[in-house]
Amino acid sequence: MSSETASRSGRPRVPGSTRPNRSAPVTTMPIAHRATAVAARATELSKVYGEGETQVVALDRVSVDFRQAEFTAIMGPSGSGKSTLMHCVAGLDSFSSGSVRIGETELGSLKDKQLTQLRRDKIGFIFQAFNLLPTLTALENITLPMDIAGRKPDRRWLNSVIEMVGLSGRLSHRPTQLSGGQQQRVAVARALASQPEIIFGDEPTGNLDSRSGAEVLGFLRNSVRELGQTVVMVTHDPVAASYADRVVFLADGRIVDEMEHPTADAVLDRMKAFDAKGRTS
Ligand SMILES: Nc1ncnc2c1ncn2[C@@H]1O[C@H](COP(=O)(O)OP(=O)(O)OP(=O)(O)O)[C@@H](O)[C@H]1O
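Looking up the chain in an unreviewed UniProt entry gives the name ABC transporter ATP-binding protein, with the organism given as Streptomyces clavuligerus.

**Points about the sheet that holds strand 7 (residues 198-202)**
Spatially, six strands are ordered 6-7-8-3-9-10 in an open sheet, and the strand pairing comes out mixed. Bordering the open sheet on either side are strand 6 (123-127) and strand 10 (254-260), each of which pairs with just one other strand. Pairs of neighbouring strands in the sheet enclose a mean axial angle of 20°, with direction left out of account. Where strand 9 (residues 246-251) and strand 10 come together, six bridges link them in antiparallel fashion.

**Focus: the packing of helix 7 (residues 180-193) against helix 8 (residues 210-227)**
For the pair helix 7 and helix 8, the least separation of the axes is 9 Å and the interaxial angle reads 20°. Accordingly, the angle class assigned to the pair helix 7 and helix 8 is roughly parallel. As for the relative orientation of helix 7 and helix 8, their crossing is right-handed in sense. Contacts between helix 7 and helix 8 involve Gly-181, Gln-184, Arg-185, Val-188 and Leu-192 from the first element and Ser-212, Glu-215, Val-216, Phe-219, Leu-220, Ser-223 and Leu-227 from the second. Per-class residue counts for the contact of helix 7 with helix 8 are six nonpolar, four polar and two charged.

**Quick word on the site of the ligand**
Within the structure, the ligand sits among Tyr-49, Val-56, Ala-58, Pro-77, Ser-78, Gly-79, Ser-80, Gly-81, Lys-82, Ser-83, Thr-84 and His-236. A distance of 2.9 Å separates an oxygen atom of the ligand from a polar atom in the backbone of Gly-79. The protein chains hide 59% of the 630 Å² of surface that the ligand would expose on its own. Only strand 2 (56-67) and helix 3 (82-89) provide two or more residues apiece to the shell around the ligand. With three residues, the single largest contributor to the shell around the ligand is helix 3. Class assignment for the residues of the shell around the ligand results in four nonpolar, seven polar and one charged.

**Here we look at the environment of Ile-74**
When you line up the elements, Ile-74 lands in strand 3 (residues 71-75). Overall, the relative accessible area of 1% leaves Ile-74 in the buried class. Each C-alpha atom, one on Ile-74 and one on His-236, is 8.5 Å from the other, the two residues being 162 residues apart in sequence.

**Digging into the confidence of the model for the chain**
In this model, the chain carries an average pLDDT of 86, and 85% of its residues clear a pLDDT of 70 or more. Contacts of residues 1-34 to residues separated by more than four positions or lying in other chains number 60 contacts, the stretch itself having pLDDT below 50.

**Topic: the pattern of salt bridges**
Summed over all chains, the structure comprises 14 salt bridges. Arg-254 is the salt-bridge partner of Asp-60, the closest N and O atoms lying 2.7 Å from each other. Taken together, the positions of Asp-60 in strand 2 and Arg-254 in strand 10 put the pair 194 residues apart, joining distant regions of the chain. The class for Arg-254 is partly exposed, based on a relative accessible area of 44%. Between Arg-211 and Glu-215 there is a salt bridge whose closest N-O contact spans 3.8 Å. You can see Arg-211 and its partner Glu-215 sitting in helix 8, four residues apart, about one turn around the helix. Using a relative accessible area of 61% as the deciding quantity, one classes Arg-211 as exposed. On the accessibility criterion, Glu-215 (27% relative accessible area) is partly exposed.

**Some details on the layout of surface pockets**
If you add up the space inside the largest pocket, you get close to 420 Å³. Counting only elements with at least two residues in the lining of the largest pocket, the list comes to helix 4 (112-122), strand 6, helix 5 (138-149) and helix 7. Among the elements that make up the lining of the largest pocket, the one with the highest residue count is helix 5 (five residues). The residue makeup of the lining of the largest pocket, split by class, is nine nonpolar, four polar and four charged.

Analysis parameters
- Residues numbered from 1 in each chain as written.
- Predicted model: local features only at pLDDT ≥ 70, side-chain atom pairs only at ≥ 80, totals over all residues.
- Heavy atoms only, no water.
- Pairing = 2+ DSSP bridges.
- Helix = DSSP H or I, 4+ residues; strand = E, 2+ residues; numbered from the N terminus.
- Axes fitted to C-alpha atoms, helices over the stretch in contact; angles between N-to-C directions.
- Parallel < 35°, antiparallel > 145°, perpendicular 65-115°, else oblique.
- Left-handed = near helix turned anticlockwise from the far one by under 90°.
- Contact = heavy atoms within 4.5 Å.
- Nonpolar A, V, L, I, M, F, W, Y, C, P; charged D, E, K, R; others polar.
- Near = heavy atom within 4 Å.
- Polar contact = N/O pair within 3.5 Å; in protein donor to acceptor, adjacent residues only side chain to side chain.
- Areas by Shrake-Rupley, 256 points an atom, 1.4 Å probe, with all protein chains shown as cover.
- Buried < 20%, exposed > 50% of the residue type's maximum accessible area, 1.4 Å probe, protein only.
- pLDDT = per-residue confidence, 0-100.
- Salt bridge = Lys/Arg side-chain N within 4 Å of Asp/Glu carboxyl O.
- 1 Å grid on protein atoms, 1.4 Å probe; cavity = no way out; pocket = protein on both sides within 12 Å on 5 of 7 lines; lining within 4 Å.
- Points joined across faces, edges and corners; volume = space filled by probe spheres on them.

Encoded structure:
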């Protein structure tokens with residue numbers, strides 16, 4: 001595998017693959033751009049549920065960048081807007097005002113069909129509940145999004161991803177024949193297989209024991225460091241957040257803090273500073 005420095009410098013290759021990662025070859029991207037290249041951006045993003053007395057401001061003018069080849073965790077107290085932020089940026093939910101872009105594409109300007117296409121082609125998802133199809137084998141689940149899109153998987157890339165998550169011996173198994181940790185590895189491979197611009201994880205380790213969770217988080221971190229993937233993950237768990245390069249803290253629908261190179265203890269301390277209502281102290 002390539003060194004961290006080399007791999008984090010832009011769009012590196014999968015080991016053994018002849019194909020560079022899709023959007024921007026590393027050799028042509030100036031260093032200044034690499035450091036600031038943005039995979040997804042929310043600007044003044046607001047999301048309001050309901051009206052009048054029952055109105056809830058879930059997101060209150062949130063502006064945040066998710067940089068390419070970086071692993072970002074979103075944390076905050078329950079109800080602070082983490083899932084809403086992820087869903088709005090991932091094009092899974094509409095927003096009330098502001099803007100979101102994935103790469104160069106403004107989501108607000110897209111019709112439903114275009115949004116579906118963008119999610120399919122540019123975004124990978126990993127959910128707490130694995131979301132695998134029970135009638136398909138592990139391999140069929142991994143390639144399903146590409147099959148639906150009518151795209152042929154890059155075999156060498158696919159093999160590298162399958163090898164990385166340690167599923168080579170399990171490809172013909174169906175989800176019920178796999179442990180929870182193995183099922184989530186299938187979901188990780190499915191998300192990585194199409195080399196999306198960005199992967200969103202919603203509590204991806206929420207249903208796993210700590211060992212399986214650590215494995216999945218390790219694969220996600222490797223995908224960022226060694227494959228140049230961009231990952232954004234919502235989590236409640238300071239240990240999970242410590243795998244990220246950066247943590248963004250939400251409270252009351254606003255970003256209240258950020259932490260680079262987080263440790264579990266530092267994240268835990270920061271979380272303790274939120275009071276029971278979810279406000280910062
Ligand atoms: N469909 C909805 N209708 C009305 N209010 C909603 C809806 N979805 C979320 N909310 C409200 O928006 C706010 C933010 O919710 P969100 O689920 O984004 O928070 P969260 O930080 O992800 O919470 P948790 O950690 O508990 O999952 C909360 O006050 C929630 O009650």
